Structures are given as structure tokens and as C-alpha cells.
Amino acid sequence: MATIGSATPLLSAVLAPLTDLGRADAVARRITEAIALGLVADGDQLPSENDLSDQLGVANGTVREALALLREAGLIETRRGRNGGSFIRTPVEGSQPLQLARLRDIATVDLRDLGDEELAVFGTAARLAAERAPADLGPRLTRLVHELRDAAGPAEQRRADARFHIELTVAAQSVRLTQLAVRLQAELGPLLWLPAPYGADQERLAEQHREILVAVLAGDAVGARAAAEAHVVGCVHHLVRGHLELADDS
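Here's a quick rundown of the structure. Note that the coordinates shown come from a computational prediction; the quantities given were computed from them, not determined experimentally.

1. Let's talk about the pattern of salt bridges
Here's step 1: Across all of its chains, the model carries 16 salt bridges by this definition.
Here's step 2: Among the salt bridges present, the one from Arg 64 reaches Glu 49, with a minimum N-O distance of 3.1 Å. Residue Arg 64 is located in helix H4 (residues 60-72), and its partner Glu 49 is located in helix H3 (residues 49-56); the two are separated by 15 residues in the primary sequence.
Here's step 3: In this structure Arg 64 comes out as partly exposed when scored by relative accessible area, which is 43%.

2. Description of unusual backbone geometry
Here's step 1: Omega for the peptide link from Ala 196 to Pro 197 comes to 10°, which places this bond in the cis form.
Here's step 2: Residue position: Pro 197 is located in the loop between helix H9 (175-192) and helix H10 (202-217).
Here's step 3: Phi is positive for Gln 173, which is not a glycine, with a value near 60°.
Here's step 4: The topology assignment puts Gln 173 in the loop between helix H8 (154-171) and H9.

3. A short note on H10
Here's step 1: End to end, H10 covers 23 Å across 16 residues, agreeing with the expected 22 Å (1.5 Å per residue, within 8%).
Here's step 2: Within H10, the full set of buried residues consists of Gln 202, Leu 205, Ala 206, Gln 208, His 209, Ile 212, Leu 213, Ala 215 and Val 216.
Here's step 3: On its buried side, H10 packs onto helix H6 (108-132), helix H7 (137-150), H8, H9 and helix H11 (221-249).
Here's step 4: Two to three positions downstream of the cap, the backbone nitrogen of Glu 203 sits 3.3 Å from a side-chain oxygen, assigning the N-cap of H10 to Asp 201.
Here's step 5: Directly after H10, the chain includes Gly 219, whose backbone phi takes a positive value near 75°.

4. Some thoughts on the nonpolar core
Here's step 1: One finds Leu 168 and Ile 212 to be the most contacted residues of the largest nonpolar core, which totals 47 residues.
Here's step 2: Elements represented by at least two residues in this core include exactly H6, H7, H8, H9, H10 and H11.
Here's step 3: Of the residues forming this core, the biggest block, 10 residues, is contributed by H11.

5. Thoughts on the packing of aromatic side chains
Here's step 1: Tallied over the full model, the rule gives zero aromatic pairs.
Here's step 2: Stacked on the ring of Phe 87, the Lys or Arg Arg 79 has its end atom at 3.9 Å from the ring centre.

6. Let's talk about the packing of H3 against H4
Helix packing geometry: the angle between the two helix axes and the distance between the axes.
Here's step 1: At a minimum axis separation of 9 Å, H3 and H4 run at an interaxial angle of 110°. Between H3 and H4, the interaxial angle falls into the category roughly perpendicular. In this structure, H3 crosses over H4, and the sense of that crossing is right-handed. Every residue of H4 that contacts H3 at Glu 49, Asn 50, Leu 52 and Ser 53 is listed here: Asn 60, Val 63, Arg 64 and Leu 67.
Here's step 2: Residue classes in the contact of H3 with H4 are distributed as three nonpolar, three polar and two charged.

7. Let's talk about H4
Every α-helical turn comprises 3.6 residues, leaving residues that sit three or four positions apart pointing alike.
Here's step 1: A rise of 1.5 Å per residue sets the reference length of H4, with its 13 residues, at 18 Å; its end C-alpha atoms lie 19 Å apart and thus fit the reference within 8%.
Here's step 2: Burial in H4 covers these residues: Thr 62, Val 63, Ala 66, Leu 67 and Leu 70. End-on view of H4: buried residues confined to an arc of 135°, all on one side of the axis. For H4, the exposed residues lying more than 90 degrees away from the buried face are Glu 65 and Glu 72.
Here's step 3: The secondary structure elements touched by the buried residues of H4 are helix H2 (24-36), H3, strand S1 (76-79) and strand S2 (85-88).
Here's step 4: At the exit of H4 stands Gly 74, carrying a positive phi of roughly 75°.

Criteria and cut-off values
- Residues numbered from 1 in each chain as written.
- Predicted model: local features only at pLDDT ≥ 70, side-chain atom pairs only at ≥ 80, totals over all residues.
- Heavy atoms only, no water.
- Salt bridge = Lys/Arg side-chain N within 4 Å of Asp/Glu carboxyl O.
- Helix = DSSP H or I, 4+ residues; strand = E, 2+ residues; numbered from the N terminus.
- Buried < 20%, exposed > 50% of the residue type's maximum accessible area, 1.4 Å probe, protein only.
- Expected span 1.5 Å × (residues − 1).
- Contact = heavy atoms within 4.5 Å.
- Polar contact = N/O pair within 3.5 Å; in protein donor to acceptor, adjacent residues only side chain to side chain.
- Core = buried A, V, L, I, M, F, W, Y, C linked by side-chain atoms within 4.5 Å.
- Phe/Tyr/Trp six-rings, centres within 6.5 Å; stacked < 30°, edge-to-face > 60°.
- Lys NZ or Arg CZ within 6 Å of the ring centre and 35° of its normal.
- Axes fitted to C-alpha atoms, helices over the stretch in contact; angles between N-to-C directions.
- Parallel < 35°, antiparallel > 145°, perpendicular 65-115°, else oblique.
- Left-handed = near helix turned anticlockwise from the far one by under 90°.
- Nonpolar A, V, L, I, M, F, W, Y, C, P; charged D, E, K, R; others polar.
- Arc of directions from axis to C-beta.

Just geometry here; none of it tells us what the structure is for.
In C-alpha cells:
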């Protein structure tokens, strides 16, 4: 069991200060996104209410209300006493039938609309990262390329894929783009990394990540954007095919 700290760059990006009035449902959504993206593991302990309040820039009461919403959803468990606190309870793989049903029922136009947003966000993030990337970005993203290539099963694939997208967007040094990337990964990731035959081509997507990384590290903003956009288009086409197959079988 680990305690979640604010020092983890990707988790810090997910739990960045809120700008939408600090409502409890917005706080709950941020933590739910961290769980969906695999940035926190089953049994991990959330920061204290005071620490979450400071990190998110909201009142303690708002955090308390958000934790109550998460408990009702079965995503956290709160324990009392000396070693107490709120602990992550990640959904079991039994959630996969729900994601298959979601992919089947989502309208094709909505999938394409999500894809358009991802195209704009990730393409722009790749371009800006090529212009603004910190010196230590290469080793971090190279590790994530290998993690996706070696991932065993949908949960690990989803986590490695999402971390690459968000890490690259963090390198673009845009808070708003990062927040959009987090939300999009939480929406699209569970659909993209379903079990076979509906899951994405792991090796192909890992190679596309490598191509994006090569362009970013070369400072090739145009090439980075083109590679990122081609990656997104391929992912959306895969989701549309899966949706149509599921709809035909129902």
C-alpha cells in the first residue's frame, strides 16, 4: 500500500487546482479520472483532507463532500483510527462488460467528436512539446514507450498509453491543454484498451508513440504534430470499427 503524494508529476497534473468554483462533483471527477487512468492503484491512500484542499485550491468541506461521493460510488474506502484515511478501491476487470456496452451504445458522431477534440489537443501538445520540452523528457517518454510495448493486459496498456499522452501534454507547458488531455484519456482510454478482438494494436500504437517522441526530441514541431494527429486518427478509426461491429452483433 502506498500513500499518494503530490510529488508525482502526472498525478499533480490531474489534481491541479480547480477553476470551476471548487464544486464537490468536480473534485470527485478529478480523483475518478486518476483512478480511470491507472495513476493510482488499489489500496493507495489519498492525501489528507487538508492536503487535498490545499492542492486543489478548495475548502475542506468541499473535499469532504467529494470523498462522500466517491465512497458512494465504491471508489474509495475510509477507515478511522491511527492508521486511518481514505484508500483507493479500483474497479475490478468486471467493469469491462460495461465499457463494451458503452462502446456499442455510443453514437458514431460522438466518437468522432471526441476524436476531433483529441486531435486538436494532442496535435497541439506535440507541437508545443517539440518547442518547449524540458531536457529530461526523453528518458521519461522512452520508458513509457517501452511500458506500452511490454504491457500485459488492458489495464497496463491503458495506463502506459494515458501516461504517455499526459506526460507529453505536461511538456507542452499548458495547464489547460493538460486538463483537457486528462479528461479525454479518461473517456477514450477504457474504450481503446478493451480485450481482444476490440483492443487496439499494442505494438503499432507503441511504435507511433516512438515516432512522436523522435520528432519532439528533434525539435521538429511540424513533424511532431503530424505524427500525433496520425496516431489519433488511427485510434478513432479503430474505435468506430469496434462500435460498428458491436452494434451489428447486438
